[in-house]
Amino acid sequence: MLIRKKYAAWASAVAITALTFLTPATSAGAAEAGASVWPPDGSFHAWDGENSDGAHCAWYGDDTDWSSCAPAGNLRNRATSVENSGYAGAYEDVLVYWDTGYRGARACINNGSWYNLQYFRFPSNGAGGGEVMNNNISSHHWTNSCSENPVYIS
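All values reported here derive from a predicted model rather than from experimental measurement.

A. Quick peek at the overall build of the protein chain. Counting its secondary structure elements, the protein chain contains one helix and 10 strands. When the helices and strands of the protein chain are listed from N to C terminus, the series reads α-β-β-β-β-β-β-β-β-β-β. Among the 154 residues that make up the protein chain, the fraction classed as buried is 35%. Long-range contacts, defined here as pairs at least 24 residues apart, represent 65% of the contacts in the protein chain between residues at least 6 apart. Surface exposure of the protein chain reaches about 8300 Å², of which carbon and sulfur atoms provide 57%.

What follows is the structure, encoded as structure tokens:
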């Protein structure tokens, strides 16, 4: 009888643990930012929809003006989610800018991370600082390291 109770307790613990990992997160924080779920492909991605949905552009290098990009054509001031799928090593992080030509407020999108931008503001480090990042990015460039992280809107 004691063995059956121990087995039942163990089986219950395993089932609860499995449900914890298999049940999708429902809190708002779960979809705001996190680690990339895709393997690195060496590029920086932006979409005009939440959760990597909608019109999409991908860059392997810097871009001074998001008015033209491939394949979507124009994501200047239209990006709602971004992902840094660059390779680890030199020039692995991306600075995104409020204005074209790498001007204005900037925020770092670290290697291997993604953001739903409506939950974040630019740091107060230039023109556009403090503004919501959603639909407010105009240029970006790759860098060796950066520390100007997006500011979470609580």
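B. Summary view of the packing of aromatic side chains. Tallied over the full model, the rule gives six aromatic pairs. With a centroid separation of 6.3 Å and an interplanar angle of 50 degrees, the aromatic rings of Phe44 and Trp66 are classed as tilted. One end of the pair, Phe44, is in strand 2 (residues 43-49); the other, Trp66, is in the loop between strand 3 (53-59) and strand 4 (81-85), and 22 residues separate them in sequence. Classification of Phe44 by relative accessible area gives buried; the value is 0%. You can call Trp66 buried: its relative accessible area is 0%. Put simply, the rings of Phe44, Trp59 and Trp66 pair up and form one aromatic cluster.

C. Focus on the pairing of strand 2. Of all seven residues that make up strand 2, six are buried, and the element is covered over most of its length. Looking at chain direction, strand 2 and strand 4 are connected through five bridges and run antiparallel. Counted as the bridge partner of Ala46 is Val82 from strand 4. Relative to strand 3, strand 2 runs antiparallel, the two sharing five bridges.

So, how was this worked out
Residues numbered from 1 in each chain as written. Predicted model: local features only at pLDDT ≥ 70, side-chain atom pairs only at ≥ 80, totals over all residues. Heavy atoms only, no water. Helix = DSSP H or I, 4+ residues; strand = E, 2+ residues; numbered from the N terminus. Buried < 20%, exposed > 50% of the residue type's maximum accessible area, 1.4 Å probe, protein only. Contact = heavy atoms within 4.5 Å. Areas by Shrake-Rupley, 256 points an atom, 1.4 Å probe, with all protein chains shown as cover. Phe/Tyr/Trp six-rings, centres within 6.5 Å; stacked < 30°, edge-to-face > 60°. Pairing = 2+ DSSP bridges.

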